Amino acid sequence: MPANIRRKAGRRAALAAVGAMTAGLLLTAPQQATAGPPNLLTNSGFETAGAPGEDMPSCWEKSGWGDNDFTYATVADAHSGTKAMKVSLTRRVSGDRKALVTENTACAPTVVPGKQYDLSAWYKSNTPDVSVTVFRHDTTAGWQYWTDLQNPPVSAGWARTEVRTPAVPPGTDKITWGLSVYGVGTLTTDDYALEEVGAAPQQPGCTGTPDECAKGKWEVIPAKNPVRSMHAVVLNGGTSQAAGSGGGKVLLIAGSGNDIAQFNAGTFTSAVYDPANGSFKTIPTPVDMFCSGHVQLSDGRVLVMSGNKGYPSADGKIGYQGLKDSYVFDPATEAYTRTNDLNGGHWYPSATVLGNGDVISFGGLKEDSTGNVTAEKFSAARGKWLPMNEVNQTWSYWGLYPSMILMQDGRLFYSGSHTFGNGTQGSGASIYDYNANTITDVPGLRKKDERDESASVLLPPAQDQRVLTIGGGNNESNPAANRLTELIDLKAASPAYTAGPDLPQGLVDVGGVKRAQTGAEGKMYVSAVLLPDGKVLETGGGLHDRADPVYEASFFDPVTNTYKAGLPSDPIPRTYHSAAFLLPDGRVMTVGDNPGNGTYNNNVSIYTPPYLFKGARPKLTSVIDTQWVYGDTQRITVDRPIAKAELIRPAAVTHSSDPNQRYVDLPLSVVDNTTVDLNVTSNPNLAPPGWYMLFGVDANGIPSVATWVHLGGASALAATEEAPSPHVHEFADAPQAAPKQNPGKRDSAPVAPGVAGCDRHYGTASQCVPTRFPAEVKETTKARCDWLASHQYPKRMKVNGSDPLRLDPDGDGYACT
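Quick caveat: nothing in here was measured; it's all calculated off a predicted structure.

## Overview of the overall build of the chain
Right, on to step 1. Check the secondary structure of the chain and you find six helices and 56 strands.
Right, on to step 2. A globule of 817 residues ought to have a C-alpha radius of gyration of about 28 Å, and the chain, at 27 Å, matches this closely.
Right, on to step 3. The C-alpha extent of the chain, read off along each of the three principal axes, is 100 × 60 × 50 Å.
Right, on to step 4. Buried positions account for 62% of the 817 residues belonging to the chain.
Right, on to step 5. Of all intrachain contacts in the chain linking residues separated by at least 6 positions in sequence, the fraction that spans at least 24 positions is 65%.
Right, on to step 6. Side-chain charges of the chain comprise 69 positive and 81 negative groups, with the mean position of each set lying 3 Å from the other.

## Examining the environment of Glu538
Right, on to step 1. Mapped onto the elements of the fold, Glu538 is located in strand β37 (residues 536-539).
Right, on to step 2. Aside from chain neighbours lying at most four places away, what touches Glu538 is Ile470, Leu503, Pro504, Lys523, Val526, Ser527, Ala528, Glu552, Ala553, Ser554 and Tyr563.
Right, on to step 3. Of the polar contacts made by the side chain of Glu538, one reaches the side chain of Lys523; its length is 3.0 Å.
Right, on to step 4. At a separation of 2.6 Å, a polar atom in the side chain of Glu538 contacts the side chain of Ser554.

## Quick look at helix α6 (residues 781-790)
Right, on to step 1. For α6, the full list of buried residues reads Ala783, Arg784, Cys785, Trp787 and Leu788.
Right, on to step 2. Packed against the buried residues of α6 are β39 (547-551) and β55 (797-798).
Right, on to step 3. Count one or two residues on from α6 and you reach Gln792, which has phi positive near 60 degrees.

## Some points on the pattern of salt bridges
Right, on to step 1. Per the counting criterion, the structure on display carries 33 salt bridges.
Right, on to step 2. Two residues, Arg382 and Glu390, come together in a salt bridge whose shortest N-O distance is 2.9 Å.
Right, on to step 3. Owing to a relative accessible area of 46%, Arg382 belongs among the partly exposed residues under this scheme.
Right, on to step 4. Here Asp570 and Arg574 are joined by a salt bridge, their closest N and O atoms 3.0 Å apart.
Right, on to step 5. One salt-bridge network, held together by shared partners, links Asp67, Asp69 and Arg91.

## What about the packing of aromatic side chains?
Right, on to step 1. On inspection of all chains with the given rule, the structure shows 33 aromatic pairs.
Right, on to step 2. Residues Tyr348 and Tyr401 carry aromatic rings whose centres are separated by 4.4 Å and whose planes lie at 35 degrees to one another, so their mutual orientation is tilted. A residue pair is termed long-range when its members are at least 10 positions apart, and Tyr348 in the loop between β21 (335-338) and β22 (352-353) and Tyr401 in the loop between β25 (384-385) and β26 (404-406) qualify at 53 residues.
Right, on to step 3. Aromatic pair Tyr432 and Tyr434: ring centres 6.4 Å apart, planes at 85 degrees, arrangement edge-to-face.
Right, on to step 4. Taking relative accessible area as the criterion, Tyr432 reaches 1% and is therefore assigned buried.

## Some points on the sheet that holds strand β47 (residues 633-638)
Right, on to step 1. If you trace the four strands from one edge of the open sheet to the other, you get β45-β47-β52-β51, paired in antiparallel fashion. Each of the sheet's edge strands pairs with one partner strand only, and the pair in question is β45 (620-623) and β51 (668-672). Between one strand axis and the next, the sheet turns through 25 degrees on average, direction left out of account.
Right, on to step 2. Bridge count for β45 against β47 is three bridges, and the pairing is antiparallel. Looking at β47, one finds that Val623 is bridged to Ile636.

## Quick look at the state of the cysteines
Right, on to step 1. One pass over the full model with this rule turns up four disulfides.
Right, on to step 2. A sulfur-sulfur separation of 1.7 Å characterises the disulfide bridge that pairs Cys206 with Cys213. Residues Cys206 and Cys213 are joined by a disulfide whose S-S torsion is about 85 degrees; by sign, that bridge is right-handed.
Right, on to step 3. By relative accessible area, which is 13% here, Cys213 ends up buried.
Right, on to step 4. There is a disulfide in this structure between Cys758 and Cys768, and the S-S distance comes to 2.1 Å. With the S-S dihedral at roughly -95 degrees, the linkage between Cys758 and Cys768 falls on the left-handed side. Within this pair, whereas Cys758 is found in the loop between α5 (715-718) and α6, its partner Cys768 is found in the loop between α5 and α6, the two being separated by 10 residues in sequence.
Right, on to step 5. On the basis of relative accessible area, Cys758 is assigned to the buried category, the value being 4%.

## Considerations on the sheet that holds strand β43 (residues 588-591)
Right, on to step 1. Strand order in this open sheet of four strands is β11-β44-β43-β42, and the pairing throughout is antiparallel. Edge positions in the open sheet fall to β11 (217-220) and β42 (579-582), since each of these has one partner strand only. For this sheet, the mean inter-axis angle between neighbouring strands, taken without regard to orientation, is 20 degrees.
Right, on to step 2. Taken together, the four bridges between β11 and strand β44 (residues 605-608) define a ladder with antiparallel strand orientation. Note on β44: the bridge partner recorded for Lys217 is Thr608.

## Here's the deal with unusual backbone geometry
Most peptide bonds take the trans form, and the phi angle of most residues other than glycine is negative.
Right, on to step 1. Of the consecutive residues Pro460 and Pro461, the connecting peptide bond is found in the cis state with omega at -15 degrees.
Right, on to step 2. Considering the arrangement of structural elements, one finds Pro461 in the loop between β30 (455-458) and β31 (466-470).
Right, on to step 3. The backbone phi angle of Ser306 is positive, close to 65 degrees, even though this residue is not glycine.
Right, on to step 4. Note that Ser306 resides in the loop between β17 (302-305) and β18 (308-310).
Right, on to step 5. Phi at Asp548 takes a positive value of approximately 60 degrees, unusual for a residue other than glycine.
Right, on to step 6. Position of Asp548 among the secondary structure elements: in strand β39.

## Things to note about the side chain of Thr147
Right, on to step 1. Along the chain, the position of Thr147 falls in strand β7 (residues 142-150).
Right, on to step 2. Setting aside its immediate chain neighbours within four residues, Thr147 contacts Val132, Thr133, Val134 and Gln463.

## Notes on the nonpolar core
Right, on to step 1. One finds Val250, Leu537, Phe581, Leu582 and Met589 to be the most contacted residues of the largest nonpolar core, which totals 52 residues.
Right, on to step 2. It is β42 that provides the largest number of residues to this core, a total of four residues.
Right, on to step 3. Discounting residues that sit within four places of it in the chain, Val250 has contacts with Ala232, Val233, Val234, Ala271, Val272, Tyr273, Phe581, Leu583 and Met589.
Right, on to step 4. In terms of nonpolar packing, the next biggest core, distinct from the first, is built from 39 residues, Val442, Leu458, Val638 and Ala687 among them.

## Some details on the confidence of the model for the chain
Right, on to step 1. Per-residue confidence for the chain gives a mean pLDDT of 92; residues scoring 70 or more make up 93%.
Right, on to step 2. Predicted confidence is poor over residues 238-245, with pLDDT under 50, and the contacts of this stretch with residues over four places away or in other chains come to 20 contacts.

## Topic: the pairing of β44
Right, on to step 1. Where burial is concerned, the two faces of β44 agree: the one with Ser605 and Tyr607 and the one with Ile606 and Thr608 are both buried.
Right, on to step 2. Direction of pairing for β43 relative to β44: antiparallel, over a ladder of three bridges. Bridge pairing in β44 links Thr590 to Ser605.

## Side note on the side chain of Ser125
Right, on to step 1. Tracing the backbone through its elements, the reader meets Ser125 in strand β5 (residues 117-125).
Right, on to step 2. Within polar-contact distance, the side chain of Ser125 engages the backbone oxygen of Thr127 at 3.4 Å.
Right, on to step 3. Other than its neighbours up to four places away in sequence, Ser125 contacts Val130, Pro153, Val154, Ser155, Ala156, Thr186 and Leu187.

## Some points on the environment of Pro479
Right, on to step 1. By secondary structure assignment, the location of Pro479 is in the loop between β31 and β32 (485-489).
Right, on to step 2. Counting along the chain gives 398 residues from Pro479 to Gly81, while the straight-line C-alpha distance between them is 71 Å.

Criteria and thresholds
Residues numbered from 1 in each chain as written. Predicted model: local features only at pLDDT ≥ 70, side-chain atom pairs only at ≥ 80, totals over all residues. Heavy atoms only, no water. Helix = DSSP H or I, 4+ residues; strand = E, 2+ residues; numbered from the N terminus. Rg over C-alpha atoms; globule rule 2.2 N^0.38 Å. Buried < 20%, exposed > 50% of the residue type's maximum accessible area, 1.4 Å probe, protein only. Contact = heavy atoms within 4.5 Å. Lys, Arg positive; Asp, Glu negative; His and termini not counted. Charge placed at Lys NZ, Arg CZ, Asp CG, Glu CD. Polar contact = N/O pair within 3.5 Å; in protein donor to acceptor, adjacent residues only side chain to side chain. Salt bridge = Lys/Arg side-chain N within 4 Å of Asp/Glu carboxyl O. Phe/Tyr/Trp six-rings, centres within 6.5 Å; stacked < 30°, edge-to-face > 60°. Pairing = 2+ DSSP bridges. Axes fitted to C-alpha atoms, helices over the stretch in contact; angles between N-to-C directions. Disulfide = S-S within 2.5 Å. Core = buried A, V, L, I, M, F, W, Y, C linked by side-chain atoms within 4.5 Å. pLDDT = per-residue confidence, 0-100.

Put into structure tokens, the structure is as follows:
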């Protein structure tokens with residue numbers, strides 16, 4: 001195990017309180033290597049010279065990239081034997097250098113997909129900027145970067161570093177690895193080892209019915225959601241639970257709840273749900289946060305931006321109007337406090353937390369219903385929204401709720417998922433570089449103008465930099481929602497979407513009659529939830545805009561890129577204004593459904609995944625420190641062996657969108673069956689600062705209950721000289737397209753008042769008669785009125801002025817009477 005398991009002297013003092021035995025485990029001198037499985041590496045100690053004319057030992061090669069000055073030398077200062085490898089960086093602007101096991105058949109060890117391997121080496125270094133970096137050989141694509149596993153601490157004397165790989169991906173036959181130096185300094189290494197981890201334990205017995213053990217179980221809880229929530233945010237539990245297990249209350253924000261009567265009355269609501277006792281607590285809500293943006297700040301408070309300043313006019317000439325207002329919700333006090341205002345209104349804004357804890361926001365509608373073209377930035381250090389002139393501006397209109405996902409190098413990937421209407425101009429997906437202030441299109445997204453209420457998620461683990469985009473529709477043309485799945489690898493030199501498997505199909509309720517989906521029918525309003533076993537639950541959705549719910553759920557497996565179809569479906573319809581999210585106990589909660597007839601479903605569903613029916617759960621018996629720093633190593637104890645651990649960022653979801661949802665792998669250094677060291681990424685772009693749910697997962701995919709930990713740590717600790725810098729890679733640096741020409745400075749972009757897809761000539765602003773009926777509905781008064789009746793629209797909807805859809809042939813001022 002690493003000699004200096006804690007990098008910070010202050011932390012060592014703090015650990016004294018946990019007891020002499022634990023302290024002894026943490027602070028002992030380096031352990032000698034013990035006998036174990038055979039070492040799969042050749043020339044692991046550099047003792048055998050290379051072929052004549054080569055300047056590297058046999059089975060080792062020079063590797064690295066970027067702008068830096070470096071030297072390699074085989075030296076006599078060895079841990080054992082007579083030789084070791086010394087790599088030095090004397091100048092560094094970018095990149096890294098490393099001695100790497102040679103990428104060929106003779107030297108790179110053969111591995112088995114699904115297996116895990118322990119990597120170890122002895123080293124000395126005078127820089128914290130060292131990373132254990134692994135490459136894998138894909139039998140189809142060849143050699144490629146796999147992952148960074150660990151940041152070994154500075155050590156003047158010989159120390160041993162050991163870390164376990166994730167399960168080897170399918171299609172991998174060999175791996176290679178080395179210790180990368182990516183900061184000015186010197187690293188000397190010796191006595192490498194690669195050993196296969198023993199066989200996984202047998203599958204446990206089923207503790208439920210066979211269906212529950214294979215597919216999980218849904219239940220509708222007795223308590224009803226007291227508010228018409230449009231937004232759901234999982235909280236870190238407040239100060240009383242922040243450092244413990246479980247907790248995770250849920251903030252449900254309604255504002256006026258898409259109910260113009262409540263808006264006119266000034267009745268704005270939120271509620272906090274406590275999964276520990278199933279109770280709801282209503283929260284005073286200062287403004288109409290209906291269709292706001294929200295994200296957790298690094299201290300666990302929730303930043304809520306914009307909302308609804310006004311509903312559309314009855315004649316449809318004025319659309320929704322965005323608020324400038326901004327608030328923070330404190331989980332400890334369960335109250336809102338106002339911040340300074342945004343620079344403009346942003347009804348339906350994005351909200352992405354950056355690696356430094358700042359929040360960036362794009363899109364939405366201004367106070368006058370036009371499209372907002374200004375970027376907004378909330379400074380974590382200053383606790384305020386910055387003036388417009390302090391924020392880089394492209395003057396581009398990103399639409400409503402554009403899904404902006406933070407990449408490992410700090411750029412933003414716009415996945416193409418959004419709400420309402422068509423996608424952005426060009427390919428529909430792009431990379432935004434804030435520092436360069438450039439937007440570059442990314443190709444491959446099919447049906448880019450049918451991604452309304454699709455879902456995009458950064459797949460587990462975040463280190464893999466792969467995004468899944470599923471489903472979607474278009475509220476203007478109102479086609480049947482699609483079942484397309486798109487995958488993109490943001491590690492590729494020129495990233496592009498590729499087609500994934502079609503979304504599984506289920507039953508669709510078309511006006512009260514359920515039938516099987518056919519052909520290309522999929523769903524919009526779909527939810528995608530990252531689970532602690534590494535799979536993605538997709539659930540909910542509808543076939544058309546605010547109508548025709550689809551009853552279907554499945555698991556997407558990022559390892560095999562396949563869906564497991566046939567899961568039980570949520571018994572409650574979940575279409576417009578619905579949400580699904582992970583609870584700290586490993587279950588999934590779903591809320592909401594707001595069809596076009598203006599009703600709202602207050603039932604709450606809970607899904608128990610099959611992993612909770614497979615036997616006893618592993619327990620995190622201690623998490624010694626819950627304040628974590630980037631690049632650190634954190635010790636936990638467990639009641640039995642675990643195969644992996646991860647941090648999952650708590651949900652902040654609305655309209656199928658949660659661009660901050662991520663699952664960050666914590667590579668293991670296994671001390672024994674019950675003591676494990678977790679290696680925390682040095683890159684805050686992979687795991688932005690804040691509170692996370694820490695799960696341990698056994699070899700059968702059964703997760704522990706989560707423990708809340710805070711990543712980022714006190715600034716005094718993070719600023720110490722021994723804290724590593726982020727190891728950032730130059731992925732995606734050669735997109736196929738050139739950067740777009742940014743528009744000139746402008747006030748706004750034109751947006752039709754009917755962007756929501758509702759014809760305001762009928763009913764109230766809380767109801768949505770579609771401007772375009774589904775294609776199977778004939779363009780006759782009878783067919784349209786029959787469709788409205790079958791979807792339970794009010795029998796007497798007032799006609800506001802003219803009658804463009806010909807729903808009032810008798811001219812009595814009411815539709816379909």
